[in-house]
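# Coordinates in review
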Amino acid sequence: MDSVVKDSRKAGERVGLKSESIIIKGGKPLSGTIEVRGAKNLVTKAMVASILGDSPSTLQNVPDISDVKVVAGLLNVHGVTTTEGENSGELILDPRNVERAHHADIDAHSGSSRIPILFCGPLLHRLGEAFIPDLGGCKIGDRPIDFHLDALRSFGAEVDKLPSGISLSAPDGLRGTKITLGYPSVGATEQVLLSATLAKGVTELRNAAIEPEIMDLILILQKMGAIITVEPNRVIFIEGVDSLNGFNHKAIPDRNEAASWASAALATGGDIFVRGALQADLVTFLNVYRKVGGAFDVKEDGIRFYHPGKPLKAVTFETDVHPGFMTDWQQPLIVALTQAEGTSVVHETVYENRFGFTDALNKMGADITIHEEGLDAADRRVARRPLEQAAVINGPTPLHAADVSVPDLRGGFSYLIAAMIAEGESRVNNVGIIARGYEHFIEKLEQLGADFKLV
Ligand code: EPZ
C-alpha cells in the first residue's frame, strides 16, 4: 500500500475518523464560528519537554489531533504516563519512571511524525542513550536532520547511524557548547533548547529560530527552572541547571490552523469567526490577507475573517522564517488566489518541494505554473536560497470538481477549500492526513455549513 494512504489511515484512526474520503459539493460559502486550540507545533514539543522534569507536568489547551496521539504513544513506550485531566484539553504527563524502549515499539509509535528526533536530548539526560527510528512527516522536501545531529555531537553525544535508525549515547552527560545553525531551523532550535537546559555549562545558540511556538517552549522551560536568555539577532543563551521540575502551561493557539480557516472564509466568499486566533502571532498573515482583499475584525477572544464582497486582488509574497510569512500559510491562501484578479507570485523559500499540491488545483481548473528554480523579483526582502521555487497563479479561474488525493497536511486542507468552491461534487481522498494537525475538521466543516458526506 502507498505510504501516504497508510499514514492517512493510521492518522485518521488515531482520532476516530473512519472514513478515508470526503465528497464535497462546492458552491456554499463557509460561515459561522469555530475554535482553534493549542498549536500542534508547540504542544507536541511541550510534551517532549516534560521528560526533562523530575515531577509531573500539566499541559492545557491540547487539541485532539493525531500528532498528539503519536507523541503520547512515544512517551508511553518510554515509561512516561499521559492522562487526560479533568478539564477539556488538559493532559498530565508523568516522567518519573522514564525508561528505555524497544526499538520496535518506538518504530510502531513514531507514525509519520518528525517529533522522535526531539526525544534525543531529553532521553540522553535521563537515560544516557536514545534511539531514533526513520523519520516521517510531510513529504515536502528532503527534510535533512544534519543540524540536529551536528548539535547533539557538539553537546558531546555519540551518534551512530544504523540501518534501522540512529542510536545515540552520552554516558558522561551533555556539555554546554557554541552552535551556529546554517539556517534558523525550528526543529534544530528546539533540539538545542531541550538538550542545553540540563547540560553542564552555558550554551550559545546563533541563528536560532524565533517562531512564537519556540518562544512558548522557552516559557515552558523557564517554568521548569531553566535559565534562557533571548538576545537580539537570533542569539539565545542557555545556562545549564542541575534539575528541572514539571510545568503547568496553557499552549498558545494554533496560528496555522487559524490562517487556514481564514483562507477558507476568503476563498468561499464566507465569514468565519475563529475563536482563539491571536493577532500577535498572525501579523504578517493579516497584512497579506488585507492586500488580497480579505477583511478581518480582531476581537477579544478571536478574529472574524470574511470576504467583503469586492473582487480579490493578486499579490506577490515569499514564505520565510518568523516574522515572515509562514510556509504553512501559503497552500490554503493559494486557493483564494486562484479567485483573485491578475497574476500572483508566491516564492517558497523554506522547503524545496512545497508546491506539489498545486497539480491537483490545476486539475480542478486553476492556472498555476511552478518555476522550479524560483524567479527573480525586485521587491525581495531576503536573499534567494538555492532551493527556492515560485508559483505563478493567474486568476480568476472557476474551479470544477475532481477526484484528488491529499499529499500532505497543509496541501490537504487546501484541497478541502478548493472542493468547497468547485462546481460539482469533488472527492478528496486520504483525508486522515488532515487529522494530523486540524482538530475535528469534519465537525468544523459541518458547523460552517459545508455540503459534504464522508465515504
Ligand atoms: C517545523 O518543521 C514545523 N513542524 C513545520 O510544520 C513548519 O513548516 C516548519 O517548522 C517551518 O516553520 C513541526 O514543528 C513539527 P525546519 P521543522 O527545521 O522543524 C532545513 C506542518 O505542516 N533543515 O525549520 O522540520 C529544512 O530542510 C509542518 O505543521 C536542514 O537543512 O522545520 C528546511 O528547508 C510541516 N537541516 C528548513 O531547514 C536540518 O537539520 C526549515 O526546516 C533541519 C532543517
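Fair warning: this is a prediction, and the values are worked out from it, not measured in the lab.

## Quick word on the environment of A267
Here A267 lies in helix α9 (residues 255–267). When its relative accessible area of 10% is taken as the criterion, A267 is described as buried. With residues up to four places along the chain from it excluded, the contact list for A267 reads V335, A336, I417 and I421.

## Observations concerning the domain arrangement of the protein
The assigned domain composition of the protein is domain 1 (3–36 + 253–454) and domain 2 (40–250). On a C-alpha basis, the centres of domain 1 and domain 2 stand 29 Å from each other. In this assembly, 28 residues from domain 1 lie in contact with 26 residues from domain 2. For the pairing of domain 1 and domain 2, the buried interface totals around 2600 Å² over both sides, and the portion due to carbon and sulfur atoms is 49%. Of all residues in domain 1, the largest losses of buried area upon contact with domain 2 belong to R14, H322 and R436, amounting jointly to 28% of the total for that side.

## Looking at the site of the ligand
In the neighbourhood of the ligand, 23 residues make up the surrounding shell, with D146, S185, V186, D328 and V350 lying closest. N41 has a polar side-chain atom sitting 3.2 Å from an oxygen atom of the ligand. A distance of 2.7 Å separates an oxygen atom of the ligand from a polar atom in the side chain of K45. Grouping the constituent residues of the shell around the ligand by class yields ten nonpolar, five polar and eight charged.

## Quick look at the sheet that holds strand β10 (residues 202–206)
As summarised here, the arrangement of the four strands in space is β9-β10-β12-β11, forming an open sheet in which the pairing is mixed. In this open sheet, the two strands that pair with only one neighbour each are β9 (178–180) and β11 (227–231). Sheet twist, expressed as the average angle between the axes of neighbouring strands with direction ignored, equals 15°. Here β10 pairs with strand β12 (residues 235–239) via four bridges, running antiparallel. Bridging across to β12, E204 finds its partner in F237.

## Overview of the packing of helix α3 (residues 66–77) against helix α4 (residues 103–110)
Two numbers describe how α3 lies on α4: the axes approach to 8 Å, and their chain directions differ by 170°. One way to sum up the angle between α3 and α4 is to call them roughly antiparallel. Of the two possible hands of crossing, α3 and α4 adopt the one that is right-handed. Judged by residue contacts, V70, G73, L74 and V77 of α3 engage D105, I106, H109 and S110 from α4. Of the residues assigned to the contact of α3 with α4, the class counts are four nonpolar, three polar and one charged.

## Quick word on the side chain of E257
In this fold, E257 is placed in helix α9. Residues within four places of E257 in sequence aside, it is in contact with E35, V36, R37, Y438, E439 and K444.

## Details of the nonpolar core
W261, F285, F305, V428, F441 and L445 are the most contacted members of the largest nonpolar core, which totals 75 residues. If we skip the residues at most four places from it in the chain, V428 touches E20, S21, I22, I24, V404, V406, Y415, L416 and A419. V48, C120, A188 and L198 belong to the second largest nonpolar core, which has 73 residues in total.

## Quick look at the packing of α9 against helix α13 (residues 409–421)
Across the interface, α9 lies against α13 with an axial gap of 9 Å and an inter-helix angle of 20°. With respect to their mutual orientation, α9 and α13 come out roughly parallel. Where α9 crosses over α13, the handedness of that crossing is right-handed. On the side of α9, the interface is formed by N256, S260, W261, S263, A264 and A267, while α13 contributes R410, F413, I417 and I421. Residue composition of the contact of α9 with α13, grouped by class: six nonpolar, three polar and one charged.

## A look at helix α2 (residues 40–49)
The element α2 is extensively covered by neighbouring structure, given that nine of its ten residues are classed as buried. Burial in α2 covers these residues: K40, L42, V43, T44, K45, A46, M47, V48 and A49.

## Some points on the pattern of salt bridges
Scanning all chains against the criterion turns up 18 salt bridges. When the shortest N-O distance is used, the salt bridge between E20 and R9 registers 2.8 Å. Here the residue E20 occupies a position in the loop between α1 (3–14) and β1 (21–25), and R9 occupies one in helix α1, the gap between them amounting to eleven residues. On the basis of relative accessibility, which here comes to 33%, the residue R9 falls in the partly exposed class. Here R410 ties to D328 by a salt bridge, and the two come within 3.1 Å at their closest N and O atoms. A residue pair is termed long-range when its members are at least 10 positions apart, and R410 in helix α13 and D328 in the loop between β18 (316–318) and α11 (330–337) qualify at 82 residues.

## Side note on the packing of aromatic side chains
This structure, assessed with the given rule, holds eight aromatic pairs. Geometrically, the ring pair formed by F285 and Y289 is tilted, given 5.5 Å between the ring centres and 35° between the ring planes. Placement of the pair is F285 and Y289 together in helix α10 (residues 283–292), with a separation of four residues, close to one helical turn. Neither residue differs from the other here; F285 and Y289 are each classed as buried. For the pair F413 and Y438, a centre-to-centre distance of 4.4 Å together with 15° between the ring planes defines the contact as stacked.

Analysis parameters
Residues numbered from 1 in each chain as written. Predicted model: local features only at pLDDT ≥ 70, side-chain atom pairs only at ≥ 80, totals over all residues. Heavy atoms only, no water. Helix = DSSP H or I, 4+ residues; strand = E, 2+ residues; numbered from the N terminus. Buried < 20%, exposed > 50% of the residue type's maximum accessible area, 1.4 Å probe, protein only. Contact = heavy atoms within 4.5 Å. Domains from an automatic or database assignment. Buried area = accessible area lost by both parts, 1.4 Å probe. Near = heavy atom within 4 Å. Polar contact = N/O pair within 3.5 Å; in protein donor to acceptor, adjacent residues only side chain to side chain. Nonpolar A, V, L, I, M, F, W, Y, C, P; charged D, E, K, R; others polar. Pairing = 2+ DSSP bridges. Axes fitted to C-alpha atoms, helices over the stretch in contact; angles between N-to-C directions. Parallel < 35°, antiparallel > 145°, perpendicular 65-115°, else oblique. Left-handed = near helix turned anticlockwise from the far one by under 90°. Core = buried A, V, L, I, M, F, W, Y, C linked by side-chain atoms within 4.5 Å. Salt bridge = Lys/Arg side-chain N within 4 Å of Asp/Glu carboxyl O. Phe/Tyr/Trp six-rings, centres within 6.5 Å; stacked < 30°, edge-to-face > 60°.

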